[in-house]
Amino acid sequence: MRFLVPVDFTDITNPLLKLTKFLALKHNASVILLHAVSPLIYLPYPEGFGISPIDLSKLAELEAQSIESAKRRLEALRDFLAELSVEVVVDVGEPSEVILAKEEMADLIILGSHSKGLVERILVGSTSERVARYCHKPLLVLKGKAPESFKKVCLAHDLSKHAQSAFEFFLNLIPPEEDGRLTLLHVEETIELPMVDALTEGLVKKIEEEKINYLNSLLERAKEKGWKAELVVKKHSNTVDGIVEFVKEGDYDLLVMGSRGLSGLKRVLLGSTSSQVLRRVEVPMLIHKGMLS
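Everything in this summary refers to the structure shown in the same document. (Residues numbered from 1 in each chain as written. Predicted model: local features only at pLDDT ≥ 70, side-chain atom pairs only at ≥ 80, totals over all residues. Heavy atoms only, no water.)

### Observations regarding the overall build of the protein chain
Scanning the protein chain from N- to C-terminus turns up ten helices and ten strands. Relative to its full complement of 293 residues, the protein chain shows a buried share of 45%. Taking the intrachain contacts of the protein chain between residues at least 6 apart in sequence as the baseline, contacts between residues at least 24 apart amount to 81%. Of the roughly 15,500 Å² of accessible surface on the protein chain, 54% is carried by carbon and sulfur atoms. (Helix = DSSP H or I, 4+ residues; strand = E, 2+ residues; numbered from the N terminus. Buried < 20%, exposed > 50% of the residue type's maximum accessible area, 1.4 Å probe, protein only. Contact = heavy atoms within 4.5 Å. Areas by Shrake-Rupley, 256 points an atom, 1.4 Å probe, with all protein chains shown as cover.)

Below, the structure written as structure tokens:
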């Protein structure tokens, strides 16, 4: 496996590298450390301002210096990941755009997320949210506390093929620790139904039984992998609210979700359930992307 790890040299870097090392050693994975250098902006001033126009060659020189400085700082991080194969990459651009441009280099993106104020979140969003919305690769976002290991995991399953892909990816990516506990969460939206006859009621009951049997079969798969697993079925008027409320009530080290991935205008207007949940929880989150539609 190859892990793409964007680094911004802030205080989230150390826990991000610890998490990367923890997973990479378990999979003998190689690591790509990526840093995005902010582009220098050329702002020509009118001659009447009495300020000399900025020398473009000087800007290019300053940008080159920033790139070299970032490479040296990334190289300095190699010591912590000494047991692993590590490549350093520096590019110029807005961080989320640089990450998305490089995503094909890896099997998993491991990204740190910074807390933002409400106004900034509404107007701009965060790098992690933009990457979660537009990337096609599995994404592990470090939010809130930095876990030493993943002992208590919640996996939200909506019975879709995308949730099932996330379940399979999770089982293969993260081996259980001693006493590792997995909660398989299914949030069922409550809807008002018109009066139905006995035949329809029987059909609905049969479908409910089949859903529970399917989810229980997933519990057995998780137990075979070494997890202590439980099933929780929660009814709620809104799936996103139901997941967020449940996760906030628990002390989870990780939340796992599948994402269908929306294309074009749908993606811009709606986003996905996983990206909406990511915006509202303060728990590390693994998002596995399905095919675009």
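Further notes follow.
### Concerning the sheet that holds strand β5 (residues 139–142)
Strand order in the open sheet formed by ten strands is β3-β2-β1-β4-β5-β10-β9-β6-β7-β8, with mixed pairing between adjacent strands. Each having just a single partner strand, β3 (86–92) and β8 (228–236) make up the two edges of the open sheet. Neighbouring strand axes in the sheet, compared pairwise and without regard to direction, differ in orientation by 20 degrees on average. When strand β6 (residues 152–156) meets strand β9 (residues 254–259), the two strands line up parallel, connected through three bridges. Bridge pairing in β9 places V153 opposite L254. Against the sheet, helix α3 (residues 95–102) engages β1 (2–6), β2 (30–37), β3 and β4 (108–112), with an angle of about 145 degrees to β2. (Pairing = 2+ DSSP bridges. Axes fitted to C-alpha atoms, helices over the stretch in contact; angles between N-to-C directions.)

### A word on the pattern of salt bridges
For the coordinates displayed, the defined rule picks out 17 salt bridges. One salt bridge in this structure joins E282 and K143, with 3.7 Å as the shortest N-O distance. A residue pair is termed long-range when its members are at least 10 positions apart, and E282 in the loop between α10 (273–280) and β10 (285–289) and K143 in the loop between β5 and β6 qualify at 139 residues. Here K223 and E220 are joined by a salt bridge, their closest N and O atoms 3.8 Å apart. Here K223 and its partner E220 are both found in helix α7 (residues 198–224), three residues apart, which amounts to about one turn of the helix. Sharing partners across several salt bridges, the network here consists of E188, E208, K211 and K235. (Salt bridge = Lys/Arg side-chain N within 4 Å of Asp/Glu carboxyl O.)

### Here we look at the nonpolar core
One finds L33 and F170 to be the most contacted residues of the largest nonpolar core, which totals 48 residues. Ignoring any residue separated from it by four or fewer positions in sequence, one finds F170 in contact with V153, L155, L182, W227, L254, V256 and L286. Counting 33 residues, the second largest nonpolar core, distinct from the first, contains I99, V240, V244 and V247. (Core = buried A, V, L, I, M, F, W, Y, C linked by side-chain atoms within 4.5 Å.)

### Quick notes on the pairing of strand β7 (residues 181–189)
By the criterion of burial, β7 is predominantly enclosed, with seven of the nine residues buried. Looking at chain direction, β6 and β7 are connected through five bridges and run parallel. Looking at the pairing, K152 lines up with R181 of β7. In this fold, the crossover linking β6 to β7 by way of helix α6 (residues 161–173) has right-handed handedness. As paired strands, β7 and β8 are joined by nine bridges and run parallel to one another. Directly across from T183, in β8, lies its bridge partner E230. (Right-handed = clockwise from strand over helix to strand, strands pointing away.)

### Looking at the packing of aromatic side chains
Within this structure, the stated rule accounts for three aromatic pairs. Here the aromatic rings of F170 and W227 are separated by 5.3 Å at their centres, their planes lie at 40 degrees, and the arrangement is tilted. A residue pair is termed long-range when its members are at least 10 positions apart, and F170 in helix α6 and W227 in the loop between α7 and β8 qualify at 57 residues. The class for F170 is buried, based on a relative accessible area of 0%. Above the face of the F80 ring, K21 is positioned so that its terminal group lies 4.6 Å from the ring centre. For the cation-ring pair, R73 lies above F9, with the distance from its terminal atom to the ring centre recorded as 4.1 Å. (Phe/Tyr/Trp six-rings, centres within 6.5 Å; stacked < 30°, edge-to-face > 60°. Lys NZ or Arg CZ within 6 Å of the ring centre and 35° of its normal.)

### Re unusual backbone geometry
Positive phi is not limited to glycine here, since N28 has a value of about 50 degrees. Unusually for a residue other than glycine, D179 sits at a positive phi of about 65 degrees. Along the chain, D179 falls in the loop between α6 and β7.

### Description of the packing of α3 against helix α5 (residues 127–134)
At a minimum axis separation of 9 Å, α3 and α5 run at an interaxial angle of 35 degrees. In this structure, α3 meets α5 at a crossing whose hand is right-handed. On α5, the residues touching P95, S96, I99 and L100 of α3 are T127, R130, V131 and Y134. Tallied by class, residues from the contact of α3 with α5 come to five nonpolar, two polar and one charged. (Left-handed = near helix turned anticlockwise from the far one by under 90°. Nonpolar A, V, L, I, M, F, W, Y, C, P; charged D, E, K, R; others polar.)

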